[in-house]
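One-letter residues, chain by chain:
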Amino acid sequence: MATGKVRYWAAAKEAAGVAEESFDAVTLGELMTKITQNHGDLARVVRRCSFLVDGSPVGKRPHDEVVLADGATVEVLPPFAGG
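Residues numbered from 1 in each chain as written. Predicted model: local features only at pLDDT ≥ 70, side-chain atom pairs only at ≥ 80, totals over all residues. Heavy atoms only, no water.

Participant: Break down the pairing of strand β5 (residues 72–77) for me, with residues and values.
Facilitator: Taking burial as the measure, the six residues of β5 include six buried ones, the bulk of the element. By the alternation rule, side chains of β5 split into A72, V74 and V76 and T73, E75 and L77, which are all buried. Judged from the five bridges that link them, strand β1 (residues 2–8) and β5 form a sheet pairing that is parallel. Bridge pairing in β5 places K5 opposite T73. As defined by bridge partners, strand β3 (residues 50–53) adjoins β5 across four bridges and the pair is classed as antiparallel. The residue bridging S50 from the neighbouring strand is L77, located in β5. (Buried < 20%, exposed > 50% of the residue type's maximum accessible area, 1.4 Å probe, protein only. Helix = DSSP H or I, 4+ residues; strand = E, 2+ residues; numbered from the N terminus. Pairing = 2+ DSSP bridges.)

What follows is the structure, given as structure tokens:
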């Protein structure tokens with residue numbers, strides 16, 4: 001089980017109610033399940049988000065296949081509007 005921190009940005013931060021929190025999870029999929037349990041607003045936002053793990057984009061990889069290292073930082077990035 002890895003421990004680390006998850007950082008929320010923009011709409012994800014608003015939905016989570018915090019900018020950052022600690023986690024215990026093996027994969028990104030497990031982490032997403034844990035942080036969205038009992039948080040319907042965050043679950044809706046997360047479905048549209050992209051993710052960085054230690055600065056590297058997750059892209060289209062299945063979240064259950066993205067293994068988190070101990071001390072990892074996961075960034076939750078909602079779509080950004082340009083202009």
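Once the structure has been displayed, the description carries forward.
Participant: Could you give an account of the sheet that holds β5, with specific residues and numbers?
Facilitator: Across a sheet, strands are paired by hydrogen bonds formed along the backbone, either parallel or antiparallel in direction. Pairing within the open sheet is mixed, and its five strands lie in the order β2-β1-β5-β3-β4. Each of the sheet's edge strands pairs with one partner strand only, and the pair in question is β2 (20–25) and β4 (56–57). Bridge count for β3 against β4 is two bridges, and the pairing is antiparallel. Its bridge partner lying in β4, V53 is registered against S56. Sitting on the sheet, helix α2 (residues 28–36) touches β1, β2, β3 and β5, and the angle it makes with β2 is about 125°. (Contact = heavy atoms within 4.5 Å. Axes fitted to C-alpha atoms, helices over the stretch in contact; angles between N-to-C directions.)

Participant: So what's going on with the side chain of T36? Which residues, and what values?
Facilitator: Tracing the sequence through the fold places T36 in helix α2. Of the polar contacts made by the side chain of T36, one reaches the backbone oxygen of M32; its length is 2.7 Å. Excluding anything up to four places from it in sequence, T36 contacts L42, A43 and V46. (Polar contact = N/O pair within 3.5 Å; in protein donor to acceptor, adjacent residues only side chain to side chain.)

Participant: Which residues make up the pattern of salt bridges, and what values go with them?
Facilitator: Tallied over the full model, the rule gives four salt bridges. We note a salt bridge from R7 to E75, for which the minimum N-O separation is 3.1 Å. With R7 in strand β1 and E75 in strand β5, the pair connects residues that are 68 residues apart, well separated along the chain. Taking relative accessible area as the criterion, E75 reaches 12% and is therefore assigned buried. Among the salt bridges present, the one from E30 reaches K34, with a minimum N-O distance of 3.4 Å. (Salt bridge = Lys/Arg side-chain N within 4 Å of Asp/Glu carboxyl O.)

Participant: So what's going on with the environment of H63? Which residues, and what values?
Facilitator: Along the chain, H63 turns up in the loop between β4 and β5. With a relative accessible area of 28%, H63 lands in the partly exposed category. C-alpha separation for the pair H63 and V45, spaced 18 residues apart in sequence, amounts to 16 Å. If we skip the residues at most four places from it in the chain, H63 touches T27, L28, G29, M32, F51 and V58.

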